[in-house]
Amino acid sequence: MLERIHHVFAGNGLITAFAVVGLLMLVCNFISKYLTAGRVHGSAIAIAAGLLLSYFGGIYTGGKHGLADIALFSGMGLMGGSMLRDFAIVATAFGVDVNELRKAGSNGVIALFLGLFVPFTLGGMMAYAFGYTDPVAVTTIGAGAATYIVGPVTGSAIGAGSDLIALSIAIGLVKSISVMIITPAVARLISLNNPSAALVFGGMMGTTSGVAGGLAATDARLVPYGAMTATFYTGFGCLLGPSVFYLVVRMLLG
Amino acid sequence: MVIYGVALLAACLLIGKAVGELIGMAIGVHSDVGGVGIAMLMLVFLVYRLQEAGCLDMTSRRGVEFWSSLYIPIVVAMAASQNVVGAVTGGPLAIVGGLVVVGVSFALVPVIARLGRGKYAEPLPPIEDDETREANSHA
């Protein structure tokens, strides 16, 4: 009997995911209201809880997709996958103020370039400090510090080994997850409370999932501004990583 | 009809992604360059035009608003399907490197945002609770 019921849940994966996420948000909003007196936003708790569940899912199955690797929760991968995520991100643009966009647009572009330059440089320097002196290794790790997509794309373009690619993905993941968690906590400190700052934030961080999660937990009205610049980041990162960045690193390290 | 709104949204995303792919191809990148950003700009522009022409009724709007309000739950599902174990077990370089980059990037946000300071960097008005926020975000 239990097997038949399990089959109902696993066979309707997306629907199960809707129900599970709804329940999770209910519990987290309850925690937010009664345990933190509304100081920590319910969505921030829910995102952190999602990451925690993902950790246990990963430990339990040894897979790469967190909770979604458990058959019962496989729909979580579809619900949180790039297709529906991008669809919902575009939908948030419905609330965008065109004037805000026009006025802060140039800041967004500056942030985008600085946002790529800073992690490339810092990531590369950290790699060097940890004993990687090969230009390919330094470039791949530096690119991973941009996002966990820029890292592997750059690495495979310049012929890095799979251990380096895995490391670059790990750095990108740490970045993405810490952005999700830290953003709501420091939002006030860095005046992340207006569309202009959100545009800059998206370009500076670049990790679409980190920016999306972090801003959603801070103030959902800022999501479209941050997401808009962040979605350009990965593409430009994949362009600059194996070309400009690699050439500069090779020149510096001989 | 609600489906008109959903279809408008779908069309924007598909066209945006197609254009993103073409840009990627043009500059020699095996990735979509800004597809979602282009889709968002398209939606903003189209909604503005359609509203001016009076072609976007309440029920069509609801089709877009529904997906917009599902955004946070989708992000929660996304968080629940991340490779958190991979990040935690990536070793000291992954963790230290990731955190240093994030710390410095956070510090730079107010610096750049200040470049365009003025009346456009006004904080958004406070929000009362979830329901009003969802309503406001589409105002």
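The structure presented is a predicted model; accordingly, all values stated were derived computationally and were not measured.

Description of the overall build of chain B
- Counting its secondary structure elements, chain B contains seven helices and zero strands.
- Expressed as a percentage of the 139 residues in chain B, the buried residues total 40%.
- A sequence separation of at least 24 residues applies to 52% of the contacts in chain B between residues at least 6 apart.

A few points about the overall build of chain A
- Within chain A one finds twelve helices and zero strands.
- Start at the N end of chain A and walk to the C end: the helices and strands fall as α-α-α-α-α-α-α-α-α-α-α-α.
- Here chain A has a C-alpha radius of gyration of 20 Å; the compact-globule value for 254 residues is 18 Å, and the two agree.
- By principal-axis analysis of the C-alpha atoms, chain A measures approximately 65 × 45 × 30 Å.
- Expressed as a percentage of the 254 residues in chain A, the buried residues total 61%.
- Here the contacts in chain A between residues at least 6 apart in sequence split such that 64% fall between residues at least 24 apart.

Considering the domain arrangement of chain A
Residue and element names in this part refer to chain A.
- If you check the domain split of chain A, you get domain 1 (2-80) and domain 2 (95-253).
- Each of domain 1 and domain 2 has a C-alpha centre, and the two are 27 Å apart.
- Residue-level contacts link six residues of domain 1 with seven residues of domain 2.
- Its residues assigned to classes, the side of domain 1 that touches domain 2 comprises four nonpolar, two polar and no charged.

Remarks on the interface of chain B and chain A
- Contact with chain B, which involves 73 residues of that partner, is made by 97 residues of chain A.
- Looking at the side of chain B that touches chain A, the elements with two or more residues in it are α1 (2-26), α2 (35-52), α3 (58-69), α4 (71-80), α5 (84-88), α6 (92-115) and α7 (130-136) of chain B.
- Take the side of chain B that touches chain A: its biggest share by element is 19 residues, from α6 of chain B.
- Residues of the side of chain B that touches chain A, tallied by class, amount to 49 nonpolar, 20 polar and four charged.

Quick word on the UniProt feature "transmembrane region" (unreviewed entry) in chain A
Residues and elements named next belong to chain A.
- When the UniProt feature table is mapped onto this chain numbering, "transmembrane region" (unreviewed entry) sits at residues 12-32, 44-63, 70-96, 108-129, 136-158, 164-186, 198-218 and 230-249.
- A distance of 31 Å separates the end C-alpha atoms of residues 108-129, which is 100% helix and 0% strand.
- Structurally, residues 164-186 is divided into 100% helix and 0% strand, and its ends, taken at the C-alpha atoms, are 32 Å apart.

Focus: the packing of helix α12 (residues 223-253) of chain A against α2 of chain B
- Orientation of α12 of chain A relative to α2 of chain B, taken along the N-to-C sense of each, is 140 degrees, at an axis distance of 6 Å. Here α12 of chain A lies oblique to α2 of chain B, going by the angle between them. Residues Pro-224, Ala-227, Met-228, Thr-231 and Phe-232 of chain A of α12 of chain A touch α2 of chain B, and the partners they reach there are Gly-35, Val-36, Gly-37 and Met-40 of chain B.
- Its residues assigned to classes, the contact of α12 of chain A with α2 of chain B comprises six nonpolar, three polar and no charged.

Considerations on helix α3 (residues 42-61) of chain A
- In this model, α3 of chain A (20 residues) spans 28 Å end to end at C-alpha, consistent with the 28 Å of a helix rising 1.5 Å per residue.
- Burial analysis of α3 of chain A places 14 of its 20 residues in the buried class, which makes it a mostly covered element.

Points about the UniProt feature "transmembrane region" (unreviewed entry) in chain B
Residue and element names in this part refer to chain B.
- Under the feature "transmembrane region" (unreviewed entry), the UniProt entry names residues 30-48, 69-88 and 94-113.
- A distance of 31 Å separates the end C-alpha atoms of residues 69-88, which is 80% helix and 0% strand.
- Taken as a whole, residues 94-113 contains 100% helix and 0% strand, while its terminal C-alpha atoms sit 28 Å from one another.

What about the environment of Ser-178 of chain A?
- If you trace the backbone, Ser-178 of chain A turns up in helix α9 (residues 162-186).
- Ignoring sequence-local partners within four residues, the contact set of Ser-178 of chain A consists of Gly-98, Leu-99 and Val-102 of chain B.

What about the environment of Ala-10 of chain A?
Residues and elements named next belong to chain A.
- Within the fold, Ala-10 resides in helix α1 (residues 2-11).
- Note on Ala-10: 15 C-beta atoms within 10 Å, which makes it partly exposed.
- Separated by 60 residues in sequence, Ala-10 and Ile-70 have C-alpha atoms that sit 9.3 Å apart.
- Ala-10 has contacts with Ala-71, Leu-72 and Ser-74, leaving out every residue within four places of it along the chain.

Concerning the packing of helix α5 (residues 82-92) of chain A against α3 of chain B
- Close contact between α5 of chain A and α3 of chain B brings their axes to 8 Å; oriented N to C, the two are set at 120 degrees. Helix-helix and strand crossings are classified by hand; for α5 of chain A and α3 of chain B the assignment is left-handed. For the pair formed by α5 of chain A and α3 of chain B, the contact residues are Phe-87, Ala-88, Ala-91 and Thr-92 of chain A on the first element and Val-64, Trp-67 and Ser-68 of chain B on the second.
- Residue classes in the contact of α5 of chain A with α3 of chain B are distributed as five nonpolar, two polar and no charged.

Regarding the confidence of the model for chain B
Residue and element names in this part refer to chain B.
- Of the residues in chain B, 81% have a pLDDT of 70 or more, and the chain-wide mean is 78.
- Taken element by element, chain B is modelled with least confidence in α7, mean pLDDT 46, and with most confidence in α1, mean pLDDT 90.
- Throughout residues 131-139 the model reports pLDDT below 50, and contacts reaching past four residues in sequence, or to other chains, amount to 13 contacts.

Here's the deal with unusual backbone geometry
All names here are of chain A.
- In the Ramachandran plot, Ser-191 falls in the positive-phi region, its phi being about 50 degrees despite a non-glycine side chain.
- The residue Ser-191 is located in the loop between α9 and α10 (195-205) in this model.
- The exposure class assigned to Ser-191 is partly exposed, which follows from the 16 C-beta atoms found within 10 Å.

Observations concerning the confidence of the model for chain A
- When pLDDT is averaged along chain A, the result is 85; 96% of the residues meet or exceed 70.
- Within chain A, helix α8 (residues 150-157) of chain A has the poorest average pLDDT of any element, 82, and helix α2 (residues 13-34) of chain A the best, 93.

Thoughts on the nonpolar core
- Membership of the largest hydrophobic core comes to 120 residues, with the highest contact counts inside it found for Ile-47 and Val-90 of chain A together with Leu-9, Leu-43, Val-75 and Val-76 of chain B.
- Per-element accounting of this core gives the leading share, 14 residues, to α12 of chain A.
- Beyond its immediate sequence surroundings of up to four residues, Ile-47 of chain A is in contact with Met-180, Gly-213 and Ala-217 of chain A together with Val-75, Val-76 and Ala-79 of chain B.

Calculation notes
- Residues numbered from 1 in each chain as written.
- Chains lettered and ligands numbered in written order.
- Predicted model: local features only at pLDDT ≥ 70, side-chain atom pairs only at ≥ 80, totals over all residues.
- Helix = DSSP H or I, 4+ residues; strand = E, 2+ residues; numbered from the N terminus.
- Buried ≥ 20, exposed ≤ 12 C-beta atoms within 10 Å, placed from the backbone.
- Contact = placed C-beta atoms within 7 Å.
- Rg over C-alpha atoms; globule rule 2.2 N^0.38 Å.
- Domains from an automatic or database assignment.
- Nonpolar A, V, L, I, M, F, W, Y, C, P; charged D, E, K, R; others polar.
- UniProt positions renumbered as here; feature names shortened; annotations may be inferred.
- Axes fitted to C-alpha atoms, helices over the stretch in contact; angles between N-to-C directions.
- Parallel < 35°, antiparallel > 145°, perpendicular 65-115°, else oblique.
- Expected span 1.5 Å × (residues − 1).
- Left-handed = near helix turned anticlockwise from the far one by under 90°.
- pLDDT = per-residue confidence, 0-100.
- Core = buried A, V, L, I, M, F, W, Y, C linked by C-beta atoms within 7 Å.

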